[in-house]
Amino acid sequence: METRRYPHPARAIAYLLGAFPLSLFTFVVTVTLICVGVGTVVIWVGVAVLVAAALLARAFGNAHRAWARVLLGADLPKRAVMVSGDEGMLRQWQTLMTDRRTWRDIAYLMLEFPLSILGFALGIVSVPLFPLALFLAPRYAWLHSQLTISMLGPDRTQDLTARAERLQASRARGVDAAEAERRRIERDLHDGAQQRLVAVAMGLGRAKVKMDADPALAKALIDEAHADAKLAVAELRDLARGIYPAVLGDRGLDAALSSLAAKCPVPVEVTVQVEPRPPAAVESTAYFIVGESLTNIAKHAGASKVTVKVWRAERATGDQVVVEITDDGDGGAVLRPGGGLAGLADRAATIDGVMTVVSPIGGPTVIRADLPCAW
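Residues numbered from 1 in each chain as written. Predicted model: local features only at pLDDT ≥ 70, side-chain atom pairs only at ≥ 80, totals over all residues. Heavy atoms only, no water.

Caption draft 1: Quick peek at the nonpolar core. Core analysis: the biggest nonpolar cluster contains 38 residues, and Leu257, Val308, Val310, Val323, Ile325 and Met355 have the highest contact counts within it. For this core, the secondary-structure elements that each account for two or more residues are helix H9 (253–263), strand S1 (268–273), helix H10 (280–301), strand S2 (306–315), strand S3 (318–327), helix H11 (340–349), strand S4 (354–358) and strand S5 (365–372). At nine residues, H10 tops the list of elements feeding residues into this core. Once you skip the residues sitting within four places of it in the chain, Val308 turns out to touch Leu257, Val268, Glu269, Val270, Thr271, Val290, Leu294, Glu324 and Ile325. Within the second largest apolar cluster, 22 residues are counted, among which are Leu16, Leu72, Ile106 and Met151. (Core = buried A, V, L, I, M, F, W, Y, C linked by side-chain atoms within 4.5 Å. Buried < 20%, exposed > 50% of the residue type's maximum accessible area, 1.4 Å probe, protein only. Helix = DSSP H or I, 4+ residues; strand = E, 2+ residues; numbered from the N terminus. Contact = heavy atoms within 4.5 Å.)

Here you go:
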């Protein structure tokens, strides 16, 4: 069973004393705007007033989140005031007014005001009375923070729905990427190693026929077949390395990325700090993101220096491996549908990762991928 961690008495008292004026202001403004909006909705002015009340309620909710986060350490991330999207302003307003989180913010502001009055009184009397400050105020502040977390915290239903939609979309992109990779492997086998092995078989067959009649020609044919066989082995090795490089499985990201950097015509500085070793899917995704990025930089960026940094970062949702590639080239790189960078973003999305590209004209270009270690 998880142990309750009550806040420090000084922080609890400061929270209770400061919550009252904040709650008083937000309650009065919100109630006033709602009443005015409802009273004037028949002449359409009330619609704009109600929208303003909803926007302010969400902003006030962020203020209460910040207050609980700073003084009580509550895990309450800031929420966007305006609903994001590509729709027009009226459509965004409609989405805002029908968003359940907006009404949760308003409900919290209504409920918070009477509770803050009691908390303010408790905070006042706790200043001179040591037992109240030591025992009662921290517990009341903790209960207050639990109410704030339950009402202003993330909406689990909507978050899970959005996560399911993202995973469904990333799975579809992953299936497409896997199919494209399968076709590439099939094409490389058909056009490369398979053709060379056929040539080896034909050369050995001709050498067998000429062995008694013309030993010199047979020897030349065998030498040619031997050379083709070595080329076929090299092509198969390169193909296998493209699927999953052996150095990555044997020695990890640091050695694998250093190998990529050594082959790049542009000077590359590599820094890797990912201990303990992440899962194989994360390592391979990071490897191919760096490899494709270095290839694009060498071909198109006109850069003179590249920096590759990979590190493990702790997040509230779990550990992540962050990959960041920076170059001083010409810039202008974008995530185009069907492009190479979009393919890397799809690869990252298959493990619920996110890739971003910041590349203003004139540079520098920063490609960053946040890859979760559990999904």
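Caption draft 2: Just the packing of helix H1 (residues 9–39) against helix H4 (residues 100–126), in detail. Contact geometry of H1 with H4 gives a least axis separation of 7 Å together with a crossing angle of 145°. As H1 runs across H4, the sense of the crossing is left-handed. Here the residues of the contact of H1 with H4 are counted per class, giving 19 nonpolar, seven polar and one charged. (Axes fitted to C-alpha atoms, helices over the stretch in contact; angles between N-to-C directions. Left-handed = near helix turned anticlockwise from the far one by under 90°. Nonpolar A, V, L, I, M, F, W, Y, C, P; charged D, E, K, R; others polar.)

Caption draft 3: Geometry of the pairing of S5. Counting buried positions along S5 yields six of eight residues, so the element is predominantly enclosed. With antiparallel pairing between neighbouring strands as the criterion, S4 and S5 make up a hairpin whose turn holds six residues, including Gly362 at a positive phi of roughly 95°. (Pairing = 2+ DSSP bridges.)

Caption draft 4: The pattern of salt bridges, seen in detail. As enumerated under the stated definition, the model contains eight salt bridges in all. Glu283 is the partner of Arg277 in a salt bridge, and the nearest nitrogen-oxygen pair spans 2.6 Å. Arg312 is the partner of Asp319 in a salt bridge, and the nearest nitrogen-oxygen pair spans 3.5 Å. Looking at Asp319, the relative accessible area reads 32%, which means it is partly exposed. (Salt bridge = Lys/Arg side-chain N within 4 Å of Asp/Glu carboxyl O.)

Caption draft 5: Here's a closer look at the packing of aromatic side chains. Enumeration over the complete set of coordinates arrives at five aromatic pairs. An angle of 35° between the planes, with centres 4.8 Å apart, marks the rings of Phe20 and Phe120 as tilted. Residue Phe20 is located in helix H1, and its partner Phe120 is located in helix H4; the two are separated by 100 residues in the primary sequence. Between Phe25 and Phe60, the ring centres sit 5.8 Å apart and the planes meet at 70°, which makes this aromatic pair edge-to-face. In this pair, Phe25 is assigned in helix H1 and Phe60 in helix H2 (residues 45–72), connecting sequence segments 35 residues apart. Its end group placed over the ring of Tyr6, Arg139 keeps NZ or CZ at 4.6 Å from the ring centre. (Phe/Tyr/Trp six-rings, centres within 6.5 Å; stacked < 30°, edge-to-face > 60°. Lys NZ or Arg CZ within 6 Å of the ring centre and 35° of its normal.)

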